[in-house]
Amino acid sequence: MTDHLLRVEGLSAGYLGENVVHDVSLSVGKGEVVAVIGSNGAGKSTMFKAICGLQRATSGTVEFAHADLTAKKAHAIVRAGMVYVPAERHLFPHMSVRDNLALGAYPKRPRPEQIEFVFNTFPRLKERATQHAGTMSGGEQQMLAVGRALMSSPRLLMLDEPTTGLSPLLASEAYAALTDLRAEGLTILVAEQQVPLALGLADRGYVLDHGRIELTGTAQELADDPGVRKAYLGV
Amino acid sequence: MTAVVLDGIVLGLQFAILGAGLTLVYGLGGVVNLAHGQMAVFSAIVIARLIDHGVSTFLAVMIGIAAVGVLGLLIDLSLMKPVYRQKGESRVLLGLLLMLGVGFIIDGVLEWKYPIEALTIRISGDPIPILGVNMRRGSLIASGIIVVVGASLVLFFRFTTFGRATRSVIQDERGARLCGVNPATVRTVIFGLSGVLAGVVAVTRAMSTPVVSTAGVDLTIFALIVAVVGGLGSVSGSFFAGILLGIVNTFSAFYIGTYITTIVLLLAAALTIVLRPSGLLGEKP
């Protein structure tokens, strides 16, 4: 693991002068799927926002594809190829599915084969192509959020709790789609509370607790860890 | 009766383009541009001065519209920077106060330097009968220009990459940033565009009524009312509301009296806020 796509070193971030994430270091290799698992409030979202420029980190560095992206603005980081799908999705509610997807390709015009790729990954979006995003169900919105992120052909897809608000059935469908994307060679960093799903998808993982990385290992090692089993897998 | 409606539509189209300029800037960055009408008058006086100095009307109009567009860009790049760093209410208040100040400055300078200057663009020729009503050529040409400008705006926001990016910032700024859109760039360009639209207001209005150097405040108030009724951030909403309010205006002026019109329009805005806070076609949640 010498060729890191993303390398985060000593990252701290928080709100109103109080850090929520403390001295976090992690890396994602090209083609890897890495999970960050932790309970609600462990600091996963804050960490992701600080990595992708939506929030200023109080310390630490973010290196992506050998370029220093520390303190770069969010839109510049997206254009560098690191695309973040937040748990709140942030879709454009009064625009059609197709327009939402088109914006994913910004500043370029959307290419037909990209839209086709997204529609193949999420056939439901094709059926809803002209519908306004704000009128869709939670599961469909999640598909659209991931689809929109894919439109820029990202080098790294960062997903924050892609199962938020989804029924168990829809959640496993979402992970089935992510498994397909992984097979396409996409590099993914996913934060998740639903630990069995995340560890089923990932190659490696980090356990985040109270804003610190408590444990790291392969997905299998984490799944076998007694602490993880007790805290997150309920066994 | 038909004449009142037609006059209302002509006036309403001017309202529409006024409202569109204001609504875009507000929808994007939360700045209520209380100098919007004054920017239109600034453009009118630039054009009038150029014509006085022997520049051809067409060239003067082009320069005047470009000048107010540049004024918009400069305001965004200078005064508005600290505004955009604020969030929520303090952003709205700071933007409102600073633009109020800009309005006072433009008003003051124009009144001091050119107190009796006014822009009138004469369109010669006989009136043209429409539905049995003789309409002045100036009004018709002005309306035609506004329809073309309005249609171009709607197409721009619907079908171009930058237009879509603009709407994305209006609907969800964070979502826009996550798509690689830089909201600061969008805001600057649209503030400039808003200035150009103010210039279009000045020119089209001058085809039927003299635009005097003190007209700014009234135009700003009309812009504000149309933007509220149409829905903040929506160009098509501005057009819808503008025409509706134009007709309401001429009706109340015709059947009650001109003294009542502004009150009726303000009432329409107040009612909209109570009944439909996002406006008739608002894109802001």
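Shown above is the structure to which this text applies.
Since we're looking at a predicted model, the values are computed, not measured. (Residues numbered from 1 in each chain as written. Chains lettered and ligands numbered in written order. Predicted model: local features only at pLDDT ≥ 70, side-chain atom pairs only at ≥ 80, totals over all residues. Heavy atoms only, no water.)

**Student:** What am I meant to see in the overall build of chain B here?
**Tutor:** Scanning chain B from terminus to terminus reveals twelve helices and four strands. Relative to the globule expectation of 19 Å for 285 residues, the C-alpha radius of gyration of chain B, 18 Å, shows essentially globular dimensions. Dimensions of chain B, computed from C-alpha atoms along their principal axes, come out at roughly 55 × 45 × 35 Å. Here chain B holds 285 residues, and 52% of them are scored as buried. Partitioning the contacts of chain B with sequence separation of at least 6, the portion at a separation of at least 24 is 78%. Carbon and sulfur atoms form 70% of the exposed surface of chain B, whose accessible area is close to 12,200 Å². Here chain B carries 18 positive and 12 negative side-chain charges, and the mean point of each set is 9 Å from the other. (Helix = DSSP H or I, 4+ residues; strand = E, 2+ residues; numbered from the N terminus. Rg over C-alpha atoms; globule rule 2.2 N^0.38 Å. Buried < 20%, exposed > 50% of the residue type's maximum accessible area, 1.4 Å probe, protein only. Contact = heavy atoms within 4.5 Å. Areas by Shrake-Rupley, 256 points an atom, 1.4 Å probe, with all protein chains shown as cover. Lys, Arg positive; Asp, Glu negative; His and termini not counted. Charge placed at Lys NZ, Arg CZ, Asp CG, Glu CD.)

**Student:** Looking at this structure, I do not really get helix H11 (residues 235–255) of chain B. What am I missing?
**Tutor:** An α-helix turns once every 3.6 residues. As a result, residues three or four positions apart point the same way. All names here are of chain B. An ideal rise of 1.5 Å per residue puts 30 Å on 21 residues; H11 measures up with 30 Å between its terminal C-alpha atoms. Among the residues of H11, those classed as buried are Val-235, Gly-237, Ser-238, Phe-239, Ala-241, Gly-242, Leu-245, Gly-246, Asn-249, Thr-250 and Ser-252. Packing partners of the buried residues in H11 comprise helix H1 (2–29), helix H6 (137–159), helix H10 (216–230) and helix H12 (258–275). Capping the start of H11 is the job of one residue whose side-chain oxygen sits 2.8 Å from the backbone nitrogen of Gly-237: Ser-234. Positive backbone phi, at 155°, marks Gly-257, one or two positions downstream of H11. (Expected span 1.5 Å × (residues − 1). Polar contact = N/O pair within 3.5 Å; in protein donor to acceptor, adjacent residues only side chain to side chain.)

**Student:** Would you mind going over the side chain of Thr220(B) with me for this structure?
**Tutor:** Checked against the element boundaries, Thr220(B) lands in helix H10. There is a polar contact of 2.8 Å between the side chain of Thr220(B) and the side chain of Gln38(B).

**Student:** I tried to follow the nonpolar core on my own but got confused; where do I start?
**Tutor:** Met80(B), Met99(B), Leu119(B), Val181(B) and Phe191(B) are the most contacted members of the largest nonpolar core, which totals 74 residues. Element by element, the count of residues in this core is highest for H1(B), at eleven residues. Sequence-distant contacts of Val181(B), defined by excluding residues within four places in its chain, comprise His75(A), Arg79(A), Leu103(A), Tyr106(A), Ala165(B), Ser168(B), Val169(B), Ala176(B) and Val186(B). With 45 residues, the next largest nonpolar core counts Val83(A), Leu101(A), Ala129(A) and Ala223(A) among its residues. (Core = buried A, V, L, I, M, F, W, Y, C linked by side-chain atoms within 4.5 Å.)

**Student:** Explanation requested: the layout of surface pockets in the structure shown.
**Tutor:** To find leftover empty space, a probe the size of one water molecule is rolled over the atoms. In this structure, the largest pocket spans a volume of roughly 1,300 Å³. Forming the walls of the largest pocket are 41 residues, and the residues nearest its centre are Tyr84(B), Lys87(B), Arg91(B), Glu173(B) and Arg177(B). Where the lining of the largest pocket is concerned, the elements lending two or more residues are helix H1 (44–51) and helix H2 (74–80) of chain A together with H1, helix H4 (80–85), helix H5 (88–113), helix H7 (161–171), helix H8 (173–178) and helix H9 (183–206) of chain B. Ranked by the residues each element gives to the lining of the largest pocket, the list is headed by H1(B), at four residues. Along the walls of the second largest pocket sit 21 residues, with Leu11(B), Arg205(B), Thr209(B), Asn249(B) and Thr250(B) positioned nearest its centre. Residue assignment for the lining of the second largest pocket shows that the elements contributing at least two residues are H1, strand E3 (133–135), H10, H11 and H12 of chain B. In terms of residue count, H1(B) provides more of the lining of the second largest pocket than any other element does, five residues in total. Within the lining of the second largest pocket, the residues separate by chemical class into seven nonpolar, ten polar and four charged. (1 Å grid on protein atoms, 1.4 Å probe; cavity = no way out; pocket = protein on both sides within 12 Å on 5 of 7 lines; lining within 4 Å. Points joined across faces, edges and corners; volume = space filled by probe spheres on them. Nonpolar A, V, L, I, M, F, W, Y, C, P; charged D, E, K, R; others polar.)

**Student:** How should the interface of chain A and chain B be read in this particular structure?
**Tutor:** Interface size, as often reported, equals the accessible area lost upon joining of the parts. Of the residues lining the interface, 26 residues belong to chain A; the matching set on chain B comes to 21 residues. Three residues, Leu54(A), His94(A) and Tyr106(A), lead the burial of chain A against chain B; their summed loss comes to 27% of the area buried on that side. The interface formed by chain A and chain B holds one salt bridge in total. Note that Asp99(A) is salt-bridged to Arg164(B), the shortest N-O span being 3.6 Å. Inspection of the chain A/chain B interface yields five residue pairs in polar contact (both at pLDDT 80 or more). Taken together, the elements giving at least two residues each to the side of chain A that touches chain B come down to H2, strand E6 (82–85) and helix H3 (97–104) of chain A. (Buried area = accessible area lost by both parts, 1.4 Å probe. Salt bridge = Lys/Arg side-chain N within 4 Å of Asp/Glu carboxyl O.)

**Student:** Any chance you could explain the pairing of strand E2 (residues 18–29) of chain A here in plain terms?
**Tutor:** In terms of strand pairing, strand E1 (residues 4–15) of chain A meets E2(A) through eight bridges, oriented antiparallel. What sits directly across from Gly14(A), in E2(A), is Asn19(A). (Pairing = 2+ DSSP bridges.)

Any functional reading would require information that these geometric values do not contain.
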